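Per-entry structural report
Chain by chain, the residues:
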Amino acid sequence: MRIGFIDSGVGGLSVYQQVQQQVPADYIYLMDNKYLPYGEKSESFIQQRLYQLSQHLIELGAELIVIACNTATTQAVEFLRQHFSIPFVGVVPAIKPAAVLSQGKGFAVLATPATANGEYMAGLIRQFAPNDSVIKFGSSELVRLAEDKVWYQQDVSQQVSDILSVSPIADQGADIVVLGCTHFPFLAEEIKQALPRATVLLDTGEAIARRVKQLVGSQSLADMQYQHCFISTRELNEQQSDRLKKLGFDQQQCWPMPILL
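Treat the numbers as computed from the prediction; the structure is a model and nothing was measured.

Basis of the calculations
Residues numbered from 1 in each chain as written. Predicted model: local features only at pLDDT ≥ 70, side-chain atom pairs only at ≥ 80, totals over all residues. Heavy atoms only, no water. Pairing = 2+ DSSP bridges. Helix = DSSP H or I, 4+ residues; strand = E, 2+ residues; numbered from the N terminus. Axes fitted to C-alpha atoms, helices over the stretch in contact; angles between N-to-C directions. Core = buried A, V, L, I, M, F, W, Y, C linked by side-chain atoms within 4.5 Å. Buried < 20%, exposed > 50% of the residue type's maximum accessible area, 1.4 Å probe, protein only. Contact = heavy atoms within 4.5 Å. Right-handed = clockwise from strand over helix to strand, strands pointing away. Expected span 1.5 Å × (residues − 1). Disulfide = S-S within 2.5 Å.

Overall, parallel pairing links the 6 strands, which are arranged E4-E3-E1-E2-E9-E10 in an open sheet. The open sheet has two edge strands, strand E4 (88–90) and strand E10 (251–254), and neither has a second partner. Strand-to-strand twist across the sheet, computed as the mean angle between neighbouring axes with direction ignored, equals 20 degrees. Here 4 bridges tie strand E1 (residues 2–7) to strand E3 (residues 64–67), and the two strands are oriented parallel to one another. Within the sheet, the bridge partner assigned to Phe5 lies in E3 and is Val66.

Here we take up the nonpolar core. Counting 29 residues, the largest nonpolar core has Ile3, Phe5, Val19, Val66 and Val212 as its most contacted members. Sorting the residues of this core by element identifies E1, helix H1 (13–22), strand E2 (26–31), E3, helix H7 (141–152) and helix H11 (205–216) as the ones contributing at least two each. If sequence neighbours within four positions are ignored, Ile3 has contacts with Val23, Ala25, Asp26, Tyr27, Ile28, Leu64, Val66, Val212 and Val216. Grouped together as the second largest cluster of nonpolar side chains are 25 residues, Leu145, Ile163, Leu164 and Leu195 included.

For E1, a buried count of 5 out of 6 residues is recorded, marking the element as mostly surrounded by other parts of the structure. A crossover links E1 with its parallel partner E2, the connecting element being H1, and its sense is right-handed.

So, about helix H2 (residues 43–59). When the terminal C-alpha atoms of H2 are compared, their 24 Å separation across 17 residues agrees well with the 24 Å that a helix rising 1.5 Å per residue should span. Taken as a whole, H2 has its buried residues at Phe45, Ile46, Gln47, Arg49, Leu50, Leu53, Ser54, His56 and Leu57. Buried-residue contacts for H2 involve E1, E2, E3, helix H3 (70–83), E4 and strand E9 (228–232).

On inspection of all chains with the given rule, the structure shows 0 disulfides. As a non-bridged cysteine, Cys69 has Cys181 as the owner of its nearest cysteine sulfur, 6.4 Å distant. Relative accessible area serves as the criterion here: at 8%, Cys69 is assigned to the buried category. With relative accessibility at 7%, the residue Cys181 sits in the buried group.

Structure below.
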């Protein structure tokens with residue numbers, strides 16, 4: 001069984017790590033760092049780009065693809081399902097469980113600007129939390145800080161605090177914060193420090209792992225030897241390459257692609 005992952009950066013690794021623990025398989029993680037972050041791109045661009053990336057993963061043998069990015073999921077996963085026959089598993093912000101936990105008291109959503117302000121998010125809130133007061137805040141800079149922390153083990157706590165301390169989440173307060181970007185679980189400790197009222201941080205990594213396991217079923221065999229490949233669309237430096245080896249990727253490669261006009 002070969003499973004593909006797509007994200008513009010390392011955020012999807014927070015989901016990948018959860019899935020890999022439950023589903024033995026060959027994994028191909030395709031990081032589209034040429035266009036990091038997706039949260040600043042248009043919906044039409046993301047749909048076209050994800051079509052190209054998915055096509056390449058399928059050519060490499062992927063039998064299931066995880067869109068490990070909230071922005072890409074909300075803007076492209078249905079488009080991809082219409083054009084390809086293999087299963088796609090998307091990452092949807094945890095609005096439903098947040099609403100259940102809040103019991104009408106309200107909660108906050110921390111995401112990219114595209115996800116926070118998008119119609120998909122608004123639809124989830126209307127469907128699952130119509131009576132909740134939902135504080136939304138979108139930040140691309142937090143995505144970049146998560147990248148710095150994962151790649152270079154940088155201390156980004158002060159920068160995270162500077163961003164969140166002037167956000168509506170800090171201003172209005174929230175006990176429950178939905179991490180609506182797969183990068184943000186990597187900043188969980190920094191977010192808790194910056195938002196001391198946030199006693200519960202919700203992400204969907206475990207739920208995605210359960211869904212992939214359900215779809216794969218008996219095709220996954222625990223006693224086999226598997227290989228994991230990491231593909232980037234922009235060359236990585238030596239420090240990044242070494243970091244990937246520590247994360248368990250046997251193979252690394254760069255995949256040049258034409259620039260979309």
